[in-house]
Amino acid sequence: MAGAAKRPRGLQEKEKKVDWRKWKQEKKEEKKKWKEIKLLRKLEKKRMQEVMEKQKEEEKAKEDKGRHYTVSVALPGSILNNAQSPELRTYLAGQIARACAIFCVDEIVVFDDQGEDSRTVEGQFDGIGKKGQACVQLARILQYLECPQYLRKSFFPKHQDLQFAGLLNPLDSPHHVRIDEESQYREGVVLARPTKPGKGSFVNCGMRKEVQIDRQLESGLRVTVQLDKQQNPDSKIQKGTVVSSNHPRTVSGLYWGYNVRLASCLSAVFAECPFKEGYDLSIGTSERGTCVDQATLPSFSHVLIVFGGLQGLEAGVDGDPNLESTDPSVLFDLYLNTCPSQGSRTIRTEEAVLISLSALRPRIDEAVKKALGS
(Lines give C-alpha, C1' and ligand atoms only; values in the text may rest on other atoms or scores of the structure.)
Protein backbone atom coordinates (compact mmCIF):
# COMPACT_ATOMS: atom_id res chain seq x y z
CA MET A 1 0.00 0.00 0.00
CA ALA A 2 1.19 3.42 -0.86
CA GLY A 3 0.21 4.94 2.49
CA ALA A 4 1.64 2.13 4.69
CA ALA A 5 4.61 3.00 6.82
CA LYS A 6 7.76 1.01 6.04
CA ARG A 7 9.72 -0.65 8.86
CA PRO A 8 13.37 0.10 9.20
CA ARG A 9 15.48 -2.36 7.25
CA GLY A 10 17.83 -3.17 10.14
CA LEU A 11 14.93 -4.21 12.39
CA GLN A 12 13.59 -6.62 9.74
CA GLU A 13 16.97 -8.27 9.36
CA LYS A 14 17.27 -8.60 13.15
CA GLU A 15 13.86 -10.31 13.37
CA LYS A 16 14.79 -12.64 10.52
CA LYS A 17 18.02 -13.59 12.29
CA VAL A 18 16.20 -14.49 15.52
CA ASP A 19 13.63 -16.61 13.64
CA TRP A 20 16.37 -18.54 11.87
CA ARG A 21 18.08 -19.45 15.13
CA LYS A 22 14.80 -20.58 16.64
CA TRP A 23 13.96 -22.60 13.56
CA LYS A 24 17.40 -24.21 13.60
CA GLN A 25 17.03 -25.09 17.29
CA GLU A 26 13.58 -26.58 16.66
CA LYS A 27 14.91 -28.62 13.74
CA LYS A 28 17.76 -29.84 15.90
CA GLU A 29 15.37 -30.91 18.66
CA GLU A 30 13.03 -32.50 16.14
CA LYS A 31 15.94 -34.44 14.62
CA LYS A 32 17.01 -35.54 18.08
CA LYS A 33 13.45 -36.63 18.86
CA TRP A 34 13.25 -38.63 15.62
CA LYS A 35 16.58 -40.28 16.41
CA GLU A 36 15.27 -41.27 19.83
CA ILE A 37 12.05 -42.66 18.31
CA LYS A 38 14.10 -44.55 15.70
CA LEU A 39 16.36 -45.95 18.44
CA LEU A 40 13.37 -46.96 20.55
CA ARG A 41 11.80 -48.70 17.56
CA LYS A 42 15.08 -50.48 16.87
CA LEU A 43 15.35 -51.59 20.52
CA GLU A 44 11.71 -52.73 20.52
CA LYS A 45 12.27 -54.69 17.32
CA LYS A 46 15.38 -56.30 18.81
CA ARG A 47 13.48 -57.14 22.01
CA MET A 48 10.63 -58.70 20.03
CA GLN A 49 13.13 -60.78 18.03
CA GLU A 50 14.75 -61.96 21.26
CA VAL A 51 11.32 -62.87 22.71
CA MET A 52 10.40 -64.79 19.54
CA GLU A 53 13.74 -66.61 19.54
CA LYS A 54 13.28 -67.48 23.21
CA GLN A 55 9.78 -68.79 22.50
CA LYS A 56 11.12 -70.88 19.62
CA GLU A 57 13.86 -72.27 21.85
CA GLU A 58 11.32 -73.07 24.57
CA GLU A 59 9.04 -74.79 22.05
CA LYS A 60 12.01 -76.68 20.67
CA ALA A 61 13.05 -77.67 24.20
CA LYS A 62 9.50 -78.86 24.86
CA GLU A 63 9.52 -80.90 21.66
CA ASP A 64 12.96 -82.35 22.37
CA LYS A 65 12.01 -83.19 25.95
CA GLY A 66 10.04 -86.28 24.96
CA ARG A 67 11.52 -89.73 24.40
CA HIS A 68 10.08 -91.31 21.26
CA TYR A 69 11.96 -94.60 21.22
CA THR A 70 11.22 -97.66 23.37
CA VAL A 71 13.37 -100.37 24.93
CA SER A 72 11.91 -103.87 25.34
CA VAL A 73 13.43 -106.84 27.17
CA ALA A 74 12.42 -110.47 26.60
CA LEU A 75 13.42 -113.35 28.89
CA PRO A 76 12.11 -116.84 29.70
CA GLY A 77 9.97 -117.50 32.78
CA SER A 78 11.87 -120.74 33.34
CA ILE A 79 14.63 -118.80 35.14
CA LEU A 80 12.45 -119.02 38.28
CA ASN A 81 12.88 -122.82 38.25
CA ASN A 82 16.53 -122.28 39.19
CA ALA A 83 15.57 -120.79 42.58
CA GLN A 84 15.49 -123.14 45.56
CA SER A 85 12.60 -121.65 47.57
CA PRO A 86 9.48 -119.50 47.08
CA GLU A 87 11.27 -116.55 48.74
CA LEU A 88 14.22 -116.84 46.34
CA ARG A 89 11.88 -117.13 43.33
CA THR A 90 10.21 -113.91 44.39
CA TYR A 91 13.51 -112.16 45.04
CA LEU A 92 14.81 -113.19 41.59
CA ALA A 93 11.74 -111.62 39.97
CA GLY A 94 12.39 -108.48 42.04
CA GLN A 95 15.96 -108.28 40.72
CA ILE A 96 14.67 -108.40 37.13
CA ALA A 97 12.12 -105.66 37.87
CA ARG A 98 14.71 -103.41 39.54
CA ALA A 99 17.23 -103.81 36.70
CA CYS A 100 14.60 -102.97 34.07
CA ALA A 101 13.33 -99.93 36.01
CA ILE A 102 16.87 -98.59 36.55
CA PHE A 103 17.56 -98.69 32.79
CA CYS A 104 14.12 -97.31 31.79
CA VAL A 105 12.84 -100.44 30.04
CA ASP A 106 9.36 -99.84 28.59
CA GLU A 107 8.26 -103.43 28.02
CA ILE A 108 9.14 -106.80 29.57
CA VAL A 109 8.14 -109.89 27.60
CA VAL A 110 8.13 -113.18 29.51
CA PHE A 111 8.30 -116.02 27.00
CA ASP A 112 7.91 -119.76 27.49
CA ASP A 113 10.93 -121.82 26.41
CA GLN A 114 9.61 -125.10 27.89
CA GLY A 115 6.24 -125.58 26.19
CA GLU A 116 4.04 -124.50 29.11
CA ASP A 117 1.90 -122.36 26.76
CA SER A 118 1.41 -119.53 29.27
CA ARG A 119 -0.66 -116.72 27.81
CA THR A 120 -2.35 -115.15 30.82
CA VAL A 121 -1.59 -114.29 34.44
CA GLU A 122 -4.90 -115.83 35.58
CA GLY A 123 -4.63 -118.92 37.79
CA GLN A 124 -1.81 -119.65 40.19
CA PHE A 125 1.60 -121.21 40.42
CA ASP A 126 1.41 -124.96 41.08
CA GLY A 127 4.50 -125.22 43.27
CA ILE A 128 8.21 -125.88 43.06
CA GLY A 129 9.29 -129.29 41.83
CA LYS A 130 6.33 -129.56 39.45
CA LYS A 131 6.17 -128.27 35.88
CA GLY A 132 4.52 -125.12 37.22
CA GLN A 133 3.52 -121.80 35.74
CA ALA A 134 6.86 -120.05 36.22
CA CYS A 135 6.08 -117.58 33.40
CA VAL A 136 2.80 -116.63 35.03
CA GLN A 137 4.39 -116.09 38.44
CA LEU A 138 7.24 -114.00 37.04
CA ALA A 139 4.80 -111.84 35.03
CA ARG A 140 2.53 -111.35 38.03
CA ILE A 141 5.35 -110.25 40.35
CA LEU A 142 6.69 -107.88 37.67
CA GLN A 143 3.21 -106.33 37.28
CA TYR A 144 2.80 -106.05 41.06
CA LEU A 145 6.10 -104.20 41.49
CA GLU A 146 5.40 -101.82 38.60
CA CYS A 147 2.04 -100.80 40.07
CA PRO A 148 2.18 -97.78 42.44
CA GLN A 149 1.71 -98.88 46.08
CA TYR A 150 -1.56 -96.98 46.60
CA LEU A 151 -3.19 -98.86 43.68
CA ARG A 152 -2.11 -102.41 44.56
CA LYS A 153 -5.16 -103.22 46.70
CA SER A 154 -7.40 -102.31 43.75
CA PHE A 155 -5.63 -104.52 41.21
CA PHE A 156 -3.92 -107.33 43.14
CA PRO A 157 -6.05 -109.42 45.48
CA LYS A 158 -4.26 -111.87 47.80
CA HIS A 159 -2.48 -114.52 45.76
CA GLN A 160 -0.03 -117.32 46.46
CA ASP A 161 2.37 -116.00 43.80
CA LEU A 162 2.61 -112.69 45.70
CA GLN A 163 3.06 -114.26 49.14
CA PHE A 164 6.57 -112.82 49.60
CA ALA A 165 6.29 -109.79 47.27
CA GLY A 166 6.06 -107.46 50.26
CA LEU A 167 9.71 -108.27 51.09
CA LEU A 168 10.98 -106.95 47.75
CA ASN A 169 12.76 -103.64 47.25
CA PRO A 170 10.41 -101.05 45.70
CA LEU A 171 11.11 -99.76 42.18
CA ASP A 172 10.71 -96.13 43.30
CA SER A 173 10.07 -95.05 39.70
CA PRO A 174 8.83 -91.53 38.80
CA HIS A 175 5.22 -92.79 38.61
CA HIS A 176 5.40 -94.08 42.20
CA VAL A 177 4.48 -90.63 43.51
CA ARG A 178 4.22 -89.96 47.24
CA ILE A 179 1.02 -88.58 48.78
CA ASP A 180 2.15 -84.92 49.09
CA GLU A 181 4.65 -84.90 46.23
CA GLU A 182 3.97 -82.51 43.37
CA SER A 183 3.80 -84.18 39.98
CA GLN A 184 2.36 -83.22 36.61
CA TYR A 185 1.11 -86.78 36.06
CA ARG A 186 -0.28 -89.49 38.34
CA GLU A 187 -1.53 -93.04 37.99
CA GLY A 188 -5.03 -93.63 39.36
CA VAL A 189 -8.02 -95.95 39.55
CA VAL A 190 -11.51 -94.86 38.48
CA LEU A 191 -13.88 -94.89 41.46
CA ALA A 192 -17.47 -96.17 41.48
CA ARG A 193 -18.89 -92.81 42.54
CA PRO A 194 -21.95 -91.12 41.03
CA THR A 195 -21.27 -87.91 39.13
CA LYS A 196 -23.45 -85.09 37.80
CA PRO A 197 -24.48 -85.19 34.11
CA GLY A 198 -21.74 -83.81 31.87
CA LYS A 199 -19.08 -84.20 34.55
CA GLY A 200 -16.19 -86.69 34.50
CA SER A 201 -15.50 -89.64 36.78
CA PHE A 202 -13.63 -89.46 40.08
CA VAL A 203 -10.19 -91.04 40.31
CA ASN A 204 -8.05 -92.07 43.28
CA CYS A 205 -4.55 -90.82 42.41
CA GLY A 206 -2.98 -91.46 45.81
CA MET A 207 -3.49 -87.85 46.96
CA ARG A 208 -5.33 -86.34 49.90
CA LYS A 209 -8.02 -85.17 47.45
CA GLU A 210 -9.72 -87.17 44.73
CA VAL A 211 -9.30 -86.05 41.11
CA GLN A 212 -12.19 -85.38 38.76
CA ILE A 213 -11.23 -86.19 35.17
CA ASP A 214 -12.57 -84.82 31.90
CA ARG A 215 -14.68 -87.85 30.89
CA GLN A 216 -16.86 -90.67 32.19
CA LEU A 217 -15.04 -94.00 32.46
CA GLU A 218 -15.86 -97.44 33.78
CA SER A 219 -14.96 -97.89 37.46
CA GLY A 220 -11.93 -100.05 38.28
CA LEU A 221 -9.88 -98.89 35.27
CA ARG A 222 -6.27 -97.84 35.75
CA VAL A 223 -5.66 -94.45 34.12
CA THR A 224 -2.85 -91.94 33.67
CA VAL A 225 -4.00 -88.47 34.71
CA GLN A 226 -2.42 -85.13 33.82
CA LEU A 227 -3.29 -82.71 36.61
CA ASP A 228 -4.40 -79.19 35.68
CA LYS A 229 -1.78 -76.50 36.39
CA GLN A 230 -4.32 -74.13 37.94
CA GLN A 231 -6.05 -75.76 40.92
CA ASN A 232 -8.48 -74.21 43.40
CA PRO A 233 -6.88 -74.73 46.85
CA ASP A 234 -10.29 -74.37 48.57
CA SER A 235 -11.94 -77.08 46.44
CA LYS A 236 -12.53 -80.55 47.87
CA ILE A 237 -11.36 -82.14 44.60
CA GLN A 238 -8.62 -81.59 42.04
CA LYS A 239 -9.09 -81.41 38.28
CA GLY A 240 -7.24 -83.46 35.69
CA THR A 241 -7.27 -84.90 32.17
CA VAL A 242 -6.92 -88.54 31.17
CA VAL A 243 -3.93 -89.11 28.87
CA SER A 244 -2.25 -92.12 27.27
CA SER A 245 0.16 -94.06 29.48
CA ASN A 246 2.84 -93.17 26.88
CA HIS A 247 2.15 -89.42 27.22
CA PRO A 248 4.60 -88.75 30.12
CA ARG A 249 7.38 -90.46 28.10
CA THR A 250 6.69 -88.99 24.65
CA VAL A 251 5.84 -85.43 25.80
CA SER A 252 7.76 -84.87 29.05
CA GLY A 253 10.52 -87.48 28.70
CA LEU A 254 9.57 -89.15 32.00
CA TYR A 255 10.08 -92.86 32.59
CA TRP A 256 6.58 -94.16 33.37
CA GLY A 257 7.10 -97.82 34.19
CA TYR A 258 6.95 -100.90 31.99
CA ASN A 259 4.25 -103.08 30.43
CA VAL A 260 4.38 -106.84 30.96
CA ARG A 261 3.48 -109.24 28.15
CA LEU A 262 3.37 -113.04 28.08
CA ALA A 263 4.47 -114.89 24.94
CA SER A 264 3.83 -118.61 24.37
CA CYS A 265 7.19 -119.10 22.62
CA LEU A 266 10.21 -117.19 21.34
CA SER A 267 8.70 -116.48 17.89
CA ALA A 268 5.57 -115.03 19.57
CA VAL A 269 7.78 -112.35 21.16
CA PHE A 270 8.21 -110.90 17.64
CA ALA A 271 4.83 -111.91 16.16
CA GLU A 272 2.74 -110.34 18.93
CA CYS A 273 4.68 -107.07 19.12
CA PRO A 274 2.37 -104.25 20.33
CA PHE A 275 3.94 -101.67 17.99
CA LYS A 276 2.44 -101.32 14.50
CA GLU A 277 5.83 -101.20 12.77
CA GLY A 278 7.25 -104.01 14.97
CA TYR A 279 10.71 -104.04 16.53
CA ASP A 280 13.07 -102.37 14.06
CA LEU A 281 16.16 -103.50 16.00
CA SER A 282 16.49 -106.87 17.73
CA ILE A 283 19.50 -107.90 19.83
CA GLY A 284 20.19 -111.42 21.06
CA THR A 285 22.60 -111.94 23.97
CA SER A 286 24.90 -114.97 24.18
CA GLU A 287 28.48 -115.87 25.10
CA ARG A 288 28.75 -117.12 21.48
CA GLY A 289 27.90 -113.70 20.06
CA THR A 290 30.10 -110.91 18.72
CA CYS A 291 31.91 -108.82 21.33
CA VAL A 292 29.77 -105.84 22.36
CA ASP A 293 32.85 -103.53 22.27
CA GLN A 294 32.87 -103.77 18.45
CA ALA A 295 29.11 -103.16 18.08
CA THR A 296 27.52 -99.98 16.74
CA LEU A 297 23.76 -99.74 16.87
CA PRO A 298 21.82 -98.35 13.90
CA SER A 299 19.04 -95.80 14.46
CA PHE A 300 15.78 -97.34 15.70
CA SER A 301 12.33 -96.64 17.13
CA HIS A 302 11.75 -99.86 19.07
CA VAL A 303 14.65 -102.02 20.25
CA LEU A 304 14.19 -105.55 21.62
CA ILE A 305 16.90 -107.19 23.76
CA VAL A 306 16.42 -110.94 24.25
CA PHE A 307 17.98 -113.06 27.01
CA GLY A 308 18.15 -116.82 27.31
CA GLY A 309 17.48 -119.00 30.34
CA LEU A 310 19.53 -121.75 31.97
CA GLN A 311 20.24 -123.41 28.62
CA GLY A 312 20.67 -120.15 26.71
CA LEU A 313 18.66 -118.96 23.71
CA GLU A 314 19.24 -122.33 22.03
CA ALA A 315 16.61 -123.90 24.35
CA GLY A 316 14.07 -121.28 23.30
CA VAL A 317 14.75 -121.99 19.61
CA ASP A 318 14.56 -125.78 20.08
CA GLY A 319 11.29 -125.56 22.01
CA ASP A 320 9.59 -123.29 19.47
CA PRO A 321 7.39 -125.23 16.98
CA ASN A 322 7.31 -122.23 14.61
CA LEU A 323 11.07 -122.05 14.07
CA GLU A 324 12.95 -124.32 11.66
CA SER A 325 16.44 -122.98 12.33
CA THR A 326 18.45 -124.28 15.28
CA ASP A 327 20.83 -121.30 15.24
CA PRO A 328 19.44 -118.44 17.37
CA SER A 329 21.77 -115.84 15.82
CA VAL A 330 19.73 -115.78 12.57
CA LEU A 331 16.70 -114.42 14.45
CA PHE A 332 18.37 -111.15 15.46
CA ASP A 333 19.85 -108.08 13.78
CA LEU A 334 22.72 -108.24 16.28
CA TYR A 335 23.92 -111.23 18.29
CA LEU A 336 26.18 -109.93 21.03
CA ASN A 337 28.36 -111.15 23.86
CA THR A 338 27.86 -108.38 26.43
CA CYS A 339 30.38 -109.78 28.93
CA PRO A 340 33.49 -110.96 27.04
CA SER A 341 36.24 -112.76 28.99
CA GLN A 342 33.84 -113.73 31.78
CA GLY A 343 35.40 -115.22 34.91
CA SER A 344 32.50 -117.60 35.65
CA ARG A 345 31.31 -120.53 33.54
CA THR A 346 27.78 -119.20 33.70
CA ILE A 347 26.11 -115.82 33.96
CA ARG A 348 22.67 -115.93 35.52
CA THR A 349 19.87 -114.20 33.59
CA GLU A 350 19.25 -111.60 36.32
CA GLU A 351 22.99 -110.76 36.15
CA ALA A 352 22.97 -110.76 32.34
CA VAL A 353 20.14 -108.20 32.29
CA LEU A 354 22.16 -105.71 34.38
CA ILE A 355 25.42 -106.38 32.51
CA SER A 356 23.85 -106.12 29.06
CA LEU A 357 21.77 -103.01 29.72
CA SER A 358 24.86 -101.33 31.23
CA ALA A 359 26.92 -102.18 28.14
CA LEU A 360 24.19 -101.21 25.66
CA ARG A 361 23.01 -97.96 27.29
CA PRO A 362 25.80 -95.70 25.88
CA ARG A 363 25.37 -97.32 22.46
CA ILE A 364 21.60 -96.75 22.56
CA ASP A 365 22.18 -93.08 23.51
CA GLU A 366 24.67 -92.70 20.66
CA ALA A 367 22.24 -94.21 18.12
CA VAL A 368 19.45 -91.88 19.32
CA LYS A 369 21.68 -88.77 19.11
CA LYS A 370 22.78 -89.77 15.63
CA ALA A 371 19.15 -90.18 14.54
CA LEU A 372 18.22 -86.74 15.97
CA GLY A 373 21.20 -85.10 14.28
CA SER A 374 20.41 -86.50 10.83
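What counts, and at which threshold
Residues numbered from 1 in each chain as written. Predicted model: local features only at pLDDT ≥ 70, side-chain atom pairs only at ≥ 80, totals over all residues. Heavy atoms only, no water. Axes fitted to C-alpha atoms, helices over the stretch in contact; angles between N-to-C directions. Helix = DSSP H or I, 4+ residues; strand = E, 2+ residues; numbered from the N terminus. Parallel < 35°, antiparallel > 145°, perpendicular 65-115°, else oblique. Left-handed = near helix turned anticlockwise from the far one by under 90°. Contact = heavy atoms within 4.5 Å. Nonpolar A, V, L, I, M, F, W, Y, C, P; charged D, E, K, R; others polar. Pairing = 2+ DSSP bridges. Salt bridge = Lys/Arg side-chain N within 4 Å of Asp/Glu carboxyl O. Buried < 20%, exposed > 50% of the residue type's maximum accessible area, 1.4 Å probe, protein only.

**Q** Just give me the short version of the packing of helix H2 (residues 86-102) against helix H3 (residues 134-146), but keep the residues and values in it.
**A** It is the contact of H2 with H3, at a shortest axis distance of 9 Å, that shows an interaxial angle of 55 degrees. Taken together, the axis directions place H2 and H3 in an arrangement best described as oblique. In the crossing of H2 with H3, the sense of the turn from one axis to the other is right-handed. Taken together, the residues of H3 that come into contact with H2 (itself represented by Arg-89, Thr-90, Ala-93, Gly-94, Ile-96 and Ala-97) are Ala-134, Gln-137, Leu-138, Ile-141, Leu-142 and Leu-145. Across the contact of H2 with H3, the residue classes tally to eight nonpolar, three polar and one charged.

**Q** Just give me the short version of the sheet that holds strand S5 (residues 210-212), but keep the residues and values in it.
**A** Here we have five strands rolled up into a closed barrel, ordered S3-S4-S5-S7-S6, and mixed in their pairing. Between one strand and the next, the sheet's axes are offset by a mean angle of 55 degrees, whatever the strand orientation. Both strand S4 (residues 202-204) and S5 contribute to a ladder of two bridges, which runs antiparallel. Opposite Val-203, over in S5, you have Val-211 as the bridge partner.

**Q** I'd like to hear about the pattern of salt bridges, residue by residue, with values.
**A** Under the counting rule described, the total for this entry stands at 15 salt bridges. When the shortest N-O distance is used, the salt bridge between Asp-365 and Arg-361 registers 3.0 Å. Here Asp-365 pairs with Arg-361, and both are found in helix H8 (residues 349-373), just four residues apart, close to one helical turn. Residue Asp-365 is classed as partly exposed on the basis of its relative accessible area, which comes to 27%. Taken together, the shared-partner salt bridges in this structure form one network comprising Glu-146, Glu-187 and Arg-222.

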